[in-house]
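# Coordinate inspection notes
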Amino acid sequence: MEAARVGGAMYQRSLPASPNWYCSRSSDVNSNGLMGVGAKNIVYLIDVSAASCRLEGELVGHRDLVSGFSFCQHPGQNHLCVSSSNDGRIRYWDSSSKSLLKEHEAHQSPISALHWSPLDKNLVVSGDEKGVVVCYWFHTGDTVSLFPEPRTIFCITCSPHSWNTVAVGYKDGMIVLIDVSKKGLVMQRLRGHDDEIHSLAWSPLPGEDALYSRPEDSEGTGAGQATNGESAGLEKGCYLASGSKDQTVKIWSTVKSKAVMTLKMPYLKKRGSAVDPGVKERLWLNVHWPKGRATQLVSSCFSGELVLWDLTRTGKLRWTLLGTSSEGQNHSRIVFNMSSFHMQDNRQLLISTSMDRAIKCWDLDSLDCCWTLPTLGGFVYTLTFSPVGTGCLALGVGDQMIRVWNTLTTQNQYDTRSFWHGIKSKVTALAWHPKKEGSLSFGTDDGKVGIYEVYTNKPPQISSSYHRKTVYTLAWGPPVPPMSFGADRGKSTYSLYSCAGEGVILQHDPLKLSGEASDIDQLIRNTNNIKHKLSPHTDLSWKPDGKVVAIGNEDGCIDVYEAPSLKLLCSIQQHHKIINTLQWHHDHSSPPELHCLLASGSSNAIVYVHDLRSIIENPPESPVVLTEPYRRLCGHTDKITDMAWSPHHEARLVTASYDGTAQVWDVLQEEGLSNYRGHHGYLLCVEWSPVDPDLIWTGGKDFTAQEWRVSKQEFTKPPKGKKMSKLKGKKANPNPKKKESPGPGEMNGGPVTEGEKTVTGPEQSGEDDEVSSTSSSVPPPATSEMQRKPSAVPKSKDKTDTNLLKKKKPRSMLPISTSMDHRPKEDLMQDCITLASVHHNNAPPAGCVPGEGEHIHFGLFSDRRALYRMFQSEEKGHVEAGHFDSVVYLRLWSGDLEGALQLAVERGELNDHLLSIAPMAGFEAWRRAVEAYVKQLCLQEQYLKAASHLLSINKVYEAIDLLRSHKIYREAIALVKARLPADDPVLKDLYNGWAAVLEKDGHLSSAAKCYLAAGASFDAAKVLARKNDVSSLKTAAVLARISGEVALAKSLALRCAKDLASAQNWVGAQEVLSSHQSLLVHQLHLSTTELLTVMLEDAGLIPQVWSSSHAWSSPDKGHTTLQDQVRDVWEKLFDVSQASAGRRSAATLLQELKSLESPTPSTSVPIRQVLQYSAIHLTHSVLSWLLDDDEQLIKGLWQAVAWLRDAGHFCVSAELLRRLFPDKDVTVCSRKRPKTLHLSAEEGKAAANSLQAFVHYHRLYDRWWSSSAHSKKVHSRLSLPATDFCARDKVEDKVEDKSEDKVEDRESSESGKSAHSPTRSLEDLGLDASLLLSESHAACQATQRSVRLIQEQLAAMVQQHSGAQGTQLESGDKQTSSPTESSDGHGSADAAEGSDDHETLLSLSVKMSELQKELFDLPDTVKTFPHPDVLECCLVLLHLSESSPLVSESLRGDAKVLLRKYGSGPSVLKASRRFLA
């Protein structure tokens, strides 16, 4: 840990790595103001004050991402801290000495939560992704593992009031309170959140009286009381705050074991647009309860805002936004962690970390931001100081952002601006314009080149010429042809040069980046007459005076060219690896002999310095090759990545290397002056401070940019043998433990041991996910970090890797004979003698048969018969070993093709190769092989390939059957259409079969296409209509009409029109019907329905919904009747009138209208469907009018009104009557076309009387309510129950307010006259009361009431009897009274009265028979065309007579007579008592 300790004092200032994302507690601050924050696998320590912050050092040792960090908050022990990692390790540190104290690995899974108990100074609680909770006691080292819930833990918080109480938040929204002293006993489960628990915070004060003062709120028993009896903290309860991904903060009571408060995140507008509350993916809801503030809670919000909640208030006054005093104080992205501490002056500071890679400090009293510490989320690839703006440092970072840091400001040491617009990849190269202030060019990993004007708010200019690979270097220099042509005509004096990974250098015009950039290779070829291919370029550097440029190449060669023609002056061939960096010595305040020094660094560890003064001052006629350097700087142990000459010294150079150090050299003396070792990982860039000779800036893989002093470094040279020690370590552990994702330990060079910070070598150059999150569990594939090679993956020198790349040796076809060559040397020598005897003697030696036995290998060196014998022996060996493919090839080689095919068929091992040579054995052998191969392919489910092979032997039908049998219809149909006649019946069968399968699977449109192709248009239309939606029905109707299926087309069009009409799309419905002339009557009915619906919507009687209606459907503001409006529409749009003939004649249409169904009215039918049924009768009446059939006309109108009334829509029927008969006379049904009804038949007269009676009935109520000044009092005195007169409930709505208002306006003059003219009567006002007091209808209604009463008594008797059988007499009695109370008419009291008479079933049956006989004897017209309730009308007239002289004495007498005669019910008797006394 010595390196970490020293690291705290190595640098002056540093931009640290970004805090890890998506961790519930990865940062904390102790009471002394020391903050620890986990970034990658390092914990950075930051000294915090109200004015500024300062990096104190790092805690280095974890091998994976730091997932949790917590300080011990106890006095005298607050220098102790603990950190956890995804590698399962927990480490305990001394923050003052930066040393590791203890560690344990009790977890087997990545650790997701950690907390040091604020009450017990020795207890540390941690949880992992598997749900295991581990308690560790620091003073003894004991661990206890608990498993309260099998869920993924997201956060853990120890109670500050009870040492053994721990709150655990889980991924699924559950919160569990456990007792760690009782083996993790679950005390409470708090359910309420439905998504991840991101944060938990206990109230700083015990008890639950801080938010509620009422006794009923502070008392509670149950789960909260049933926790730990020994815990004084939970006995009186304590509040717990939780923040969840479900966008809510909940305050929980541990006494009540439930949430007592829910805080919903406010939706704050940002950058001119509102935050979408539905997007949860980018929300992290952190909560923090500051110490000493029991009623205040701080939480994060959607877009980085911090909100202070006052828990004692409600509404918008409850929350206050932090940082509103000035712009730009808040975070710009979600906040992950918050922690606070009290300063000595009692001010409380809050520290927050965010996804915007900034650490902010807040004053909780003023709610203002005190300071901001920017952090870096990627490799620092490049840094450069502006030559114009002194102290302005630009950093190119792998998190897709450029930072511009004003390093000389005194007020804010970290005055940094970020630029990201137009950048969508890692920033790998930067270069300031030499003269123009604020002009910064940048290059990215995706090959983009652009220019930022950093002192403006303009977006960057992007060059239209892109590189194919990573941009390595940018340089400003004088323009060269073709861009230098015409430089006198106002063109730029500087060009921008970019060098990228594909080896190309492009010249960009900064004044016209939209133009095409030029490749300088063409100029080099033309000037130097080069024919061969140029080596890919990797770096370039212009001499400060712009006269020459040095270009580094992939092969290690450095070429120096003279501008502007780019004539080659010399070629430096010293390096043997890729050139990474070139730098010319500066030419200000230095001797001329140093102006031409060129330093170069490559993937070799040696830095070379070349003196090119003689060549530049005296250019040679032909290029010179230099093989010896001017100076050689040795000491680094790995590749050189960057270098910089000191602007304050002569011949002093600083270099950055992959060995993790930066080295300052005295070039002339070739000796090291200072070595910086403050980074954790390799270095990528270095720059000398332009104002301080002792300051240098470096950046590297550890996501940091560091400022350090040359004079304060302990070492003067790089460490020796670092690379070798790494290689030894790799060999000692060739198979490291594999993990799911590469951890930061591997990225940052592994663990730190014995004071040495191990640095990653070039083979470990992977960078984790810089852009999305530094704590992502699955980073993207590693990319090569500035390797300066065309290939993204560096070559490995490990032998094991090269062995893995070797191809596996194929199995020998002749293994037995091959094995004979591996016998002892003596046997091999004897084989030579024996083989010579075989060749030169007529007979082989005794016992020697070439190709068999011990001499099997002689088959290769003897005659053909010996070879065949060897093949037979080898075949036996292959069969025993199961290598039948080798047997097939041996037979093939020996010419036994049929035998090879037969064996392959038997073994099921035919292949394409064998089948391709099968024709050599004859057609029949080939055909048999193909058929066998087809069977083999079918077993392997390769049906398409099998069918193709059947085609090869001209078995087309068999191939089609094969595909059809396996339901491969698409390919089968294609095959039929390609190979068979168009009228082949197989095609139709295929279409029908495929259609059936598609229809079964729900692919109805595809099935319809198949039916159409098969000529089954009817089936196509039917299957399309199965979806039963409007578009499908409409399409099916059109398809059927085009195909000639007229009846089906009409049916489908009618169904579609009905659906459209139900959706109030009247225009669409008419459009569908208009395509079928035979559906004219339906068009008439639909237009009538539309007129009726729009009329009622305008009257406010049915709710208005979205509708697509016609202009002609708007209500007529004049005094025409609804019938006239219907006739006008029919004549204008459909040409239907009295003069129409043929299909448009009224008689024909009336006959067609009978096909429309009109069911029995029911109160369960929706109002809009009721209007459709009522419109049928209205259409019928208008058609009868066209035929001058007055009887059917009046009956149709009566049915239209009765349908609405019987369906329970009383107010709607009243409005319809008003629109049908505005003159209050049913015999006058038209104003526009004078029409007086002449009725002769009894049914017609009865229908007219019924309609007229209901017209008078509504007018009677209107007159009663509008004539009396005390109508409300009179109305209250009328104590008839709602069930006595079914109309009364509906009339209590005053026939809808709008109707009443119109009636009052219309008749106000009449009522006024009647009030002052006592001689006026109801008859004078056109109200015939005699129709309302019809004795025949009164008798019919009384008989019907009696029948209903007896039916109710019978039902009650049966129900009581069944209840007695079930020994539930009491329940039966209650049920007996229930239907009586809810009966219609006057039956409730009568039923009770009847029950007292002890009626029997027989007596009730006799009464029912008598009543039914009375009903039968009544005229049919009385029963078919009912009038309003006569008794109700009598009572209304008598009440009206008390407040108005309109009711004559004779009329009152008639009403009293009817009441005495037919009002036998108790409720009627009670209501009429005052009039009959």
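With that out of the way, let us pick up the overall build of the chain. Assigned secondary structure in the chain consists of 42 helices and 61 strands. Look at the contacts in the chain between residues 6 or more apart in sequence, and 57% of them connect residues 24 or more apart.

Turning our eyes to something else, we now look at the pattern of salt bridges. Across all of its chains, the model carries 37 salt bridges by this definition. Notably, a salt bridge pairs arginine 54 with aspartate 47, separated by 3.8 Å at the nearest N-O pair. For aspartate 47, a relative accessible area of 29% corresponds to the partly exposed category. In this structure, the salt-bridge partner of glutamate 1243 is lysine 1195, at a minimum N-O distance of 3.0 Å. On the criterion of sequence distance, the pair formed by glutamate 1243 in helix α31 (residues 1242–1267) and lysine 1195 in helix α29 (residues 1190–1206) is long-range, its members being 48 residues apart. What makes glutamate 1243 partly exposed here is its relative accessible area of 43%.

Let us now look at the sheet that holds strand β3 (residues 34–39). Spatial ordering of the open sheet is given by β2-β3-β4-β5, a layout of four strands whose pairing is antiparallel. Of all strands in the sheet, those bounded by a partner on one side alone are β2 (27–29) and β5 (53–60). On average, each strand axis in the sheet is inclined to that of its neighbour by 20 degrees, with strand direction left out of account. Pairing geometry for β3 and strand β4 (residues 42–48), over six bridges, is antiparallel. Each bridged residue has a counterpart across the sheet, and for glycine 38 the counterpart in β4 is valine 43.

Per the stated rule, a full pass over the model turns up 27 aromatic pairs. Their ring planes at 20 degrees and their centres at 5.6 Å tell us that tryptophan 405 and tyrosine 414 sit as a pair that is stacked. Across this residue pair, the class does not change: tryptophan 405 and tyrosine 414 are buried. Their ring planes at 55 degrees and their centres at 5.1 Å tell us that phenylalanine 419 and tyrosine 452 sit as a pair that is tilted. Here phenylalanine 419, found in strand β35 (residues 416–419), pairs with tyrosine 452, found in strand β38 (residues 449–453); they are 33 residues apart in sequence, far enough to count as distant. Tyrosine 452 shares its class with phenylalanine 419; the two are buried. Each residue in the set Trp21, Tyr22, Phe154, Trp284 and Phe336 is aromatic and connected to the rest through ring pairs, giving one cluster. Note that lysine 102 overlies the ring of phenylalanine 138, its terminal NZ or CZ placed 4.5 Å from the centroid. Residue placement shows arginine 1205 over the ring face of phenylalanine 1254; its charged tip is 3.9 Å from the ring centre.

A complete count under the given rule lists zero disulfides for this structure. Here cysteine 1433 stays free of any disulfide, with the sulfur of cysteine 1434 as its closest cysteine sulfur at 7.0 Å.

Of all 11 residues in helix α30 (residues 1210–1220), 10 are buried, a share of seventy percent or more. Along α30, the residues that are buried comprise Phe1210, Cys1211, Val1212, Ser1213, Ala1214, Glu1215, Leu1216, Leu1217, Arg1219 and Leu1220.

Turning our eyes to something else, we now look at the nonpolar core. Counting 91 residues, the largest nonpolar core has Trp1130, Leu1183, Phe1221 and Leu1251 as its most contacted members. Ranked by the residues each element gives to this core, the list is headed by α31, at 12 residues. Those residues in contact with phenylalanine 1221, other than ones at most four positions away along the chain, are Gln1123, Leu1197, Val1226, Val1228, Cys1229, Leu1251 and Val1255. Residues Ile953, Tyr991, Ala1021 and Leu1033 belong to the second largest nonpolar core, which totals 78 residues.

This part covers the side chain of serine 1032. Mapped onto the elements, serine 1032 comes out in helix α22 (residues 1030–1042). Look at serine 1032 and you get buried, because its relative accessible area is 9%. Excluding anything up to four places from it in sequence, serine 1032 contacts Leu1024 and Lys1027.

This part takes up the sheet that holds strand β54 (residues 652–657). In spatial order, the strands read β53-β54-β55-β56; together these four strands make up an open sheet with antiparallel pairing. Only two strands of the sheet have a single partner each, and these edge strands are β53 (640–645) and β56 (671–676). On average, each strand axis in the sheet is tilted by 25 degrees relative to the strand beside it, whichever way the strands run. In this sheet, β54 lies alongside β53 in antiparallel orientation, the contact comprising five bridges. Within β54, the residue paired with aspartate 642 across the bridge is alanine 656.

With respect to the element layout, aspartate 545 can be found in the loop between β44 (537–542) and β45 (548–553). On a C-alpha basis, the gap between aspartate 545 and proline 478 in space is 9.3 Å, while along the polypeptide they are 67 residues apart. Reaching out from aspartate 545, the side chain makes a polar contact with the backbone nitrogen of lysine 547 at a distance of 3.1 Å.

When strand β12 (residues 133–137) meets strand β13 (residues 143–146), the two strands line up antiparallel, connected through four bridges. Counted as the bridge partner of valine 134 is serine 145 from β13. Hairpin remark: β12 followed by β13, antiparallel, with five residues in the connecting loop; positive phi at glycine 141, about 80 degrees.

Take helix α16 (residues 943–952) next. Since one α-helical turn is 3.6 residues long, residues separated by three or four positions face the same way. Taken residue by residue, α16 has Tyr943, Ala946, Ala947, His949 and Leu950 as its buried positions. Looking down the long axis of α16, one finds its buried residues gathered within 160 degrees of arc, a one-sided arrangement. Summarising the contacts, the buried residues of α16 are in contact with α14 (912–917), α15 (923–939) and α17 (956–965). Backbone geometry just downstream of α16 places asparagine 954 in the positive-phi region, at approximately 65 degrees.

The N-to-C vectors of helix α25 (residues 1080–1099) and helix α26 (residues 1122–1134) enclose an angle of 135 degrees; their axes lie 10 Å apart at closest approach. In terms of their interaxial angle, α25 and α26 are classed as oblique. When the axes of α25 and α26 are compared, the crossing they make is right-handed. For the pair α25 and α26, the contacting residues are Leu1080, Gln1083, Leu1084, Ser1087, Thr1088, Leu1091, Leu1092 and Met1095 in the first and Leu1122, Gln1125, Val1126, Val1129, Trp1130 and Phe1134 in the second. The class makeup of the residues in the contact of α25 with α26 is 10 nonpolar, four polar and no charged.

The next thing to look at is the confidence of the model for the chain. In this model, the chain carries an average pLDDT of 81, and 83% of its residues clear a pLDDT of 70 or more. Note that residues 724–806 has pLDDT below 50 and, in this model, 171 contacts with residues that lie over four places away or in other chains. A low-confidence stretch, residues 1367–1397 (pLDDT under 50), is modelled with 44 contacts involving residues beyond four sequence positions or located in other chains.

This part covers the pairing of strand β33 (residues 392–397). A large share of β33 lies buried, amounting to six of its six residues. Side chains of β33 alternate between two faces, with Cys392, Ala394 and Gly396 and Leu393, Leu395 and Val397 buried alike. Relative to β33, strand β32 (residues 380–385) runs antiparallel, the two being bridged by five bridges. The partner of valine 380 across the bridge, within β33, is valine 397. In sequence, β32 turns back onto β33 through a hairpin of six residues, with glycine 391 there showing a positive phi of about 80 degrees. For β33 and strand β34 (residues 401–406), the ladder comprises six bridges, and the chain directions are antiparallel. The residue of β34 that forms the bridge with glycine 396 is isoleucine 402.

The rules behind the values
- Residues numbered from 1 in each chain as written.
- Predicted model: local features only at pLDDT ≥ 70, side-chain atom pairs only at ≥ 80, totals over all residues.
- Heavy atoms only, no water.
- Helix = DSSP H or I, 4+ residues; strand = E, 2+ residues; numbered from the N terminus.
- Contact = heavy atoms within 4.5 Å.
- Salt bridge = Lys/Arg side-chain N within 4 Å of Asp/Glu carboxyl O.
- Buried < 20%, exposed > 50% of the residue type's maximum accessible area, 1.4 Å probe, protein only.
- Pairing = 2+ DSSP bridges.
- Axes fitted to C-alpha atoms, helices over the stretch in contact; angles between N-to-C directions.
- Phe/Tyr/Trp six-rings, centres within 6.5 Å; stacked < 30°, edge-to-face > 60°.
- Lys NZ or Arg CZ within 6 Å of the ring centre and 35° of its normal.
- Disulfide = S-S within 2.5 Å.
- Core = buried A, V, L, I, M, F, W, Y, C linked by side-chain atoms within 4.5 Å.
- Polar contact = N/O pair within 3.5 Å; in protein donor to acceptor, adjacent residues only side chain to side chain.
- Arc of directions from axis to C-beta.
- Parallel < 35°, antiparallel > 145°, perpendicular 65-115°, else oblique.
- Left-handed = near helix turned anticlockwise from the far one by under 90°.
- Nonpolar A, V, L, I, M, F, W, Y, C, P; charged D, E, K, R; others polar.
- pLDDT = per-residue confidence, 0-100.

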